[in-house]
Amino acid sequence: MADSDEAATRPEPRSPDSGLVRVIRQHVAEIDQRIERAARAAGRNPAAVQIVAVSKTFGLEHIRAAALAGLTDLGENRVQEALQKIEQTAELKIRWHLVGHLQSNKARKAAGLFAWIHSVDSVDLLRRLELAAMEQQATPNLLVQADLADEATKYGAAVDEVRRIFEVAHTCRAVRLRGLMLLPPWRDDPEEMRLYFRQLVALRDALRSEGVDAAKLSHLSMGMSHDFEVAVEEGATMVRIGTAIFGQRVLSH
Ligand SMILES: *Cc1c(COP(=O)(O)O)cnc(C)c1O
């Protein structure tokens with residue numbers, strides 16, 4: 001009798017971070033729904049859109065919670081910050097993406113660390129990654145970050161350099177070129193991003209018609225928290241989402 005009373009009042013077992021897991025799972029469910037709607041409206045398959053959860057500035061608790069919430073692909077924008085997180089969460093089997101600018105002196109480290117590098121912006125960087133990947137027997141997937149903005153954006157390859165990168169990629173044995181990435185200048189109105197996304201699609205199509213292997217152009221990484229639906233409508237296969245999953249960043253980068 002006493003036993004069953006005790007059982008009735010015993011609290012549910014809870015892990016300390018289960019609240020965070022629940023919040024993240026809820027955010028991802030909402031994002032999934034919005035991706036689904038945007039994809040269907042454009043006649044696309046929602047399953048062709050991968051969420052890359054950008055965890056920059058957030059700590060291990062958030063990364064573990066993201067994995068428990070079912071996220072498989074996480075993104076960081078700095079090699080040094082990512083290194084520590086990747087080492088300390090190795091048991092989670094996360095696919096890590098580098099979404100931020102890659103300095104050439106960090107190429108060696110990045111080649112063995114990330115499954116995807118979204119920010120290849122020069123032939124020189126491609127060559128460094130290929131060498132490092134060969135040495136480390138790694139096979140990272142690479143995207144070429146294109147700079148299409150009228151106003152000069154900070155990083156990204158101009159269209160001529162994008163072409164050269166795809167030419168040189170023919171000689172690469174370790175790295176795998178998979179498509180294009182875009183980080184357009186900020187606009188408050190997501191509708192104003194549509195033009196940029198269309199330009200990236202047009203560049204992809206032009207490269208295809210110039211004979212670049214379709215397998216090297218199968219991905220478009222475009223769209224962030226405030227504009228991912230427009231990006232999905234225009235053909236994104238990867239959306240890089242931070243704030244809408246993890247909340248506002250306290251540190252700024
Ligand atoms: C931070 C970052 C994102 C995510 O931005 P949110 O607005 O928080 O979704 C996406 N891409 C890159 C390159 C970033 O640095």
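For the structure, see preceding data.
Residues numbered from 1 in each chain as written. Predicted model: local features only at pLDDT ≥ 70, side-chain atom pairs only at ≥ 80, totals over all residues. Heavy atoms only, no water.

Caption draft 1: Geometry of the site of the ligand. Inspection of the region around the ligand gives Val 54, Lys 56, Asn 77, Val 99, Leu 183, Met 224, Ser 225, Arg 240, Ile 241, Gly 242, Thr 243 and Arg 249 as its neighbouring residues. Lys 56 is positioned such that a nitrogen or oxygen atom in its side chain is 2.7 Å from an oxygen atom of the ligand. Between the ligand and Ser 225, the relevant distance is 2.5 Å, taken from an oxygen atom to a side-chain nitrogen or oxygen of the residue. Computed on the free molecule, the ligand has an accessible area of 390 Å², of which 93% lies beneath the protein chains in the complex. Comparing atom positions with the cavity grids shows the ligand to sit within the largest pocket. (Near = heavy atom within 4 Å. Polar contact = N/O pair within 3.5 Å; in protein donor to acceptor, adjacent residues only side chain to side chain. Areas by Shrake-Rupley, 256 points an atom, 1.4 Å probe, with all protein chains shown as cover. 1 Å grid on protein atoms, 1.4 Å probe; cavity = no way out; pocket = protein on both sides within 12 Å on 5 of 7 lines; lining within 4 Å. Sits in = over half its atoms within 2 Å of the grid points.)

Caption draft 2: Region of interest: the side chain of Arg 194. Mapped onto the elements of the fold, Arg 194 is located in helix H8 (residues 194-209). Since its relative accessible area comes to 15%, Arg 194 is described here as buried. Within the structure, the side chain of Arg 194 is placed 2.7 Å from the side chain of Glu 191, a separation counted as a polar contact. Polar contacts involving the side chain of Arg 194 include one to the side chain of Glu 233, which spans 2.8 Å. In contact with Arg 194, not counting residues within four places along its chain, are Val 230, Glu 233 and Glu 234. (Helix = DSSP H or I, 4+ residues; strand = E, 2+ residues; numbered from the N terminus. Buried < 20%, exposed > 50% of the residue type's maximum accessible area, 1.4 Å probe, protein only. Contact = heavy atoms within 4.5 Å.)

Caption draft 3: Structural detail: the nonpolar core. Membership of the largest hydrophobic core comes to 76 residues, with the highest contact counts inside it found for Phe 114, Leu 129, Leu 180 and Ile 245. A per-element tally of this core places helix H2 (residues 18-41) first, with seven residues. Grouped together as the second largest cluster of nonpolar side chains are seven residues, Val 99, Trp 116, Met 181 and Met 238 included. (Core = buried A, V, L, I, M, F, W, Y, C linked by side-chain atoms within 4.5 Å.)

Caption draft 4: The layout of surface pockets, seen in detail. The volume enclosed by the largest pocket comes to roughly 880 Å³. As for the largest pocket, its lining consists of 31 residues, of which Lys 56, Asn 77, Gly 100, His 101 and Leu 183 are closest to the centre. Of the residues forming the lining of the largest pocket, the biggest block, three residues, is contributed by helix H4 (residues 79-88). Across the lining of the largest pocket, the residue classes break down as 11 nonpolar, 12 polar and eight charged. As for the second largest pocket, its lining consists of 14 residues, of which Asp 32, Ile 35, Val 49, Gln 50 and Ile 51 are closest to the centre. (Points joined across faces, edges and corners; volume = space filled by probe spheres on them. Nonpolar A, V, L, I, M, F, W, Y, C, P; charged D, E, K, R; others polar.)

Caption draft 5: Representation of the pattern of salt bridges in the model. Tallied over the entire structure, the rule returns 17 salt bridges. Arg 194 is the salt-bridge partner of Glu 234, the closest N and O atoms lying 2.7 Å from each other. With Glu 234 in helix H9 (residues 228-234) and Arg 194 in helix H8, the pair connects residues that are 40 residues apart, well separated along the chain. Ionic contacts of the salt-bridge type, sharing partners, join the residues Glu 191, Arg 194, Arg 198, Glu 233 and Glu 234 into one network. (Salt bridge = Lys/Arg side-chain N within 4 Å of Asp/Glu carboxyl O.)

Caption draft 6: Geometry of helix H6 (residues 123-136). When the terminal C-alpha atoms of H6 are compared, their 20 Å separation across 14 residues agrees well with the 20 Å that a helix rising 1.5 Å per residue should span. Looking at H6, one finds that the buried residues are Val 123, Leu 125, Leu 126, Leu 129, Glu 130, Ala 132 and Ala 133. Gln 137 lies just past H6 and shows a positive phi near 50°. (Expected span 1.5 Å × (residues − 1).)

Caption draft 7: The side chain of Arg 44, seen in detail. By secondary structure assignment, the location of Arg 44 is in the loop between H2 and strand S1 (50-54). Despite its burial, Arg 44 pairs with no opposite charge, the nearest such side chain being Glu 234 at 9.1 Å. Within the local environment of Arg 44, its side chain forms a polar contact with the backbone oxygen of Val 232, the two atoms lying 2.9 Å apart. Looking at Arg 44, its side chain comes within polar contact range of the main-chain oxygen of Ala 236, at 2.9 Å. Ignoring sequence-local partners within four residues, the contact set of Arg 44 consists of Ala 39, Val 49, Val 232, Gly 235, Ala 236 and Thr 237. (Lys, Arg positive; Asp, Glu negative; His and termini not counted.)

Caption draft 8: A look at the pairing of S1. Burial analysis of S1 places four of its five residues in the buried class, the great majority of the element. In this sheet, strand S8 (residues 238-241) lies alongside S1 in parallel orientation, the contact comprising four bridges. Bridged to Val 52 within S8 is Arg 240. Pairing analysis gives two bridges linking S1 to strand S2 (residues 73-76), with the strands arranged parallel. When the bridges of S2 are listed, Val 54 appears paired with Gly 75. Following the chain from S1 across helix H3 (residues 60-68) to the adjacent parallel S2, one finds a crossover that is right-handed. (Pairing = 2+ DSSP bridges. Right-handed = clockwise from strand over helix to strand, strands pointing away.)

Caption draft 9: Main features of the environment of Ala 69. If you trace the backbone, Ala 69 turns up in the loop between H3 and S2. Residue classification places Ala 69 among the buried residues on the basis of a relative accessible area of 13%. Ignoring anything within four residues of it in the chain, the contact list for Ala 69 reads Val 21, Ile 24 and Arg 25.

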